[in-house]
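Coordinate analysis (summary)
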Amino acid sequence: MKKFIKMHGLGNDYVYIDAINQQIDNESDLAKFVSNRHFGIGSDGLILICKSDIADFKMKMFNSDGSQAEMCGNGIRCVGKFVYDKGLTNKTQIKIETLAGIKTLILNVKNEKVETVRVDMGEPILKATQIPVISHENPVTNLMLKALDKEFRFTCVSMGNPHAITVVEDIKEFEVEKYGKVLEVDSAFPNKTNVEFVQIIDKNRIKMRVWERGSGETLACGTGACATAVACNLNNLTSNHVYVELLGGTLEIEWNKEDNHIYMTGPAVTVFEGVLFDF
């Protein structure tokens, strides 16, 4: 029997389990089971909250296909809400260990519950070999790739996980699944990639849809929003402070040029709590 909480950040939903006070085995299989929207709980993946020797907590994230991922911006905000709301900490500034490094969270509390979270996402990675992407550019702002009947120009950024960002004219009508699943596994990306399709509204506002590596199209992607903000600024399409409109809602992203860190602010929501009996 395992206790869990279903949470979401802008519709990017995960099953969260306290792995400090519960023993969790077969993590990959568990992720596939809970993510199934017909036979499981239904989610974009599984996030385990674990002990850490170098931070307040450690976050282990698994995609719906069972693969482990480095980071999730929407997911880490919910981790912050989980540990505070459940009394695992009383601090409103905490550090979370991830495979993409240690992230600092500022928890905005209202009526004794976390409502929104500001995350220091760290510095964007722009070197091709570290993203990774096969390119001679640094930064990579002109990667031309063909998928089916279309050619795309990508800017590539890592926020601890790889992202490829391209601008399209009409995001609402764009066939994200058709092209996203092809581009995710393009040979230019040794570890596959998340793919962001972006429409520029003005210097401070963009619309984005995302094809997430290992999960397909999701309602939101925090690391993707951060990477997209960087890519758009690099190409002089936006300022360094933008609002990213996703299918699930809006994230505020700031690329602070003084410390070169990306700051993401957005909501974290608890949907329901439950118990797994069969796993």
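This text follows the structure it describes.
Reading the values: the criteria
Residues numbered from 1 in each chain as written. Predicted model: local features only at pLDDT ≥ 70, side-chain atom pairs only at ≥ 80, totals over all residues. Heavy atoms only, no water. Helix = DSSP H or I, 4+ residues; strand = E, 2+ residues; numbered from the N terminus. Expected span 1.5 Å × (residues − 1). Buried < 20%, exposed > 50% of the residue type's maximum accessible area, 1.4 Å probe, protein only. Core = buried A, V, L, I, M, F, W, Y, C linked by side-chain atoms within 4.5 Å. Contact = heavy atoms within 4.5 Å. 1 Å grid on protein atoms, 1.4 Å probe; cavity = no way out; pocket = protein on both sides within 12 Å on 5 of 7 lines; lining within 4 Å. Points joined across faces, edges and corners; volume = space filled by probe spheres on them. Nonpolar A, V, L, I, M, F, W, Y, C, P; charged D, E, K, R; others polar. Polar contact = N/O pair within 3.5 Å; in protein donor to acceptor, adjacent residues only side chain to side chain.

As for helix H2 (residues 73-85)
The terminal C-alpha atoms of H2 lie 19 Å apart, and with 13 residues this matches the ideal 18 Å at 1.5 Å per residue to within 8%. Burial within H2 is extensive, with 11 of its 13 residues counted as buried. Glycine 87, located one to two residues past H2, shows a positive phi value of around 75°.

Structural notes on the nonpolar core
Met59 and Ile253 are the most contacted members of the largest nonpolar core, which has 51 residues in total. Ranked by residue count, the leading element in this core is helix H4 (residues 222-234), at seven residues. Those residues within four positions of isoleucine 253 in sequence are excluded, and the remaining contacts are Ala225, Cys226, Ala229, Asn240, His241, Val242, Val244, Ile262, Tyr263 and Met264. The next biggest cluster of nonpolar side chains, apart from the first, holds 22 residues, and it includes Val133, Ala147, Val176 and Tyr179.

Considerations on empty space enclosed by the protein
What the rule picks out here adds up to one cavity of 30 Å³ or more. In this structure, the largest cavity occupies an estimated 70 Å³ of space. Residue lining of the largest cavity: Met61, Asn63, Ala69, Glu70, Met71, Cys72, Asn161, Asn194, Glu212, Arg213, Cys221 and Thr223, and that is the complete set. When its residues are assigned to classes, the lining of the largest cavity shows five nonpolar, four polar and three charged.

Overview of the environment of serine 67
Here serine 67 lies in the loop between strand S4 (57-63) and strand S5 (68-69). Residues serine 67 and glycine 214 lie 147 residues apart in sequence; the distance between their C-alpha atoms is 6.9 Å. A distance of 2.6 Å separates a polar atom in the side chain of serine 67 from a polar atom in the side chain of aspartate 65.

Concerning the layout of surface pockets
Of the pockets and cavities examined, the largest pocket occupies roughly 180 Å³. As for the largest pocket, its lining consists of 13 residues, of which Lys3, Asp18, Gln22, Phe82 and Lys86 are closest to the centre. A per-class count over the lining of the largest pocket returns six nonpolar, three polar and four charged.

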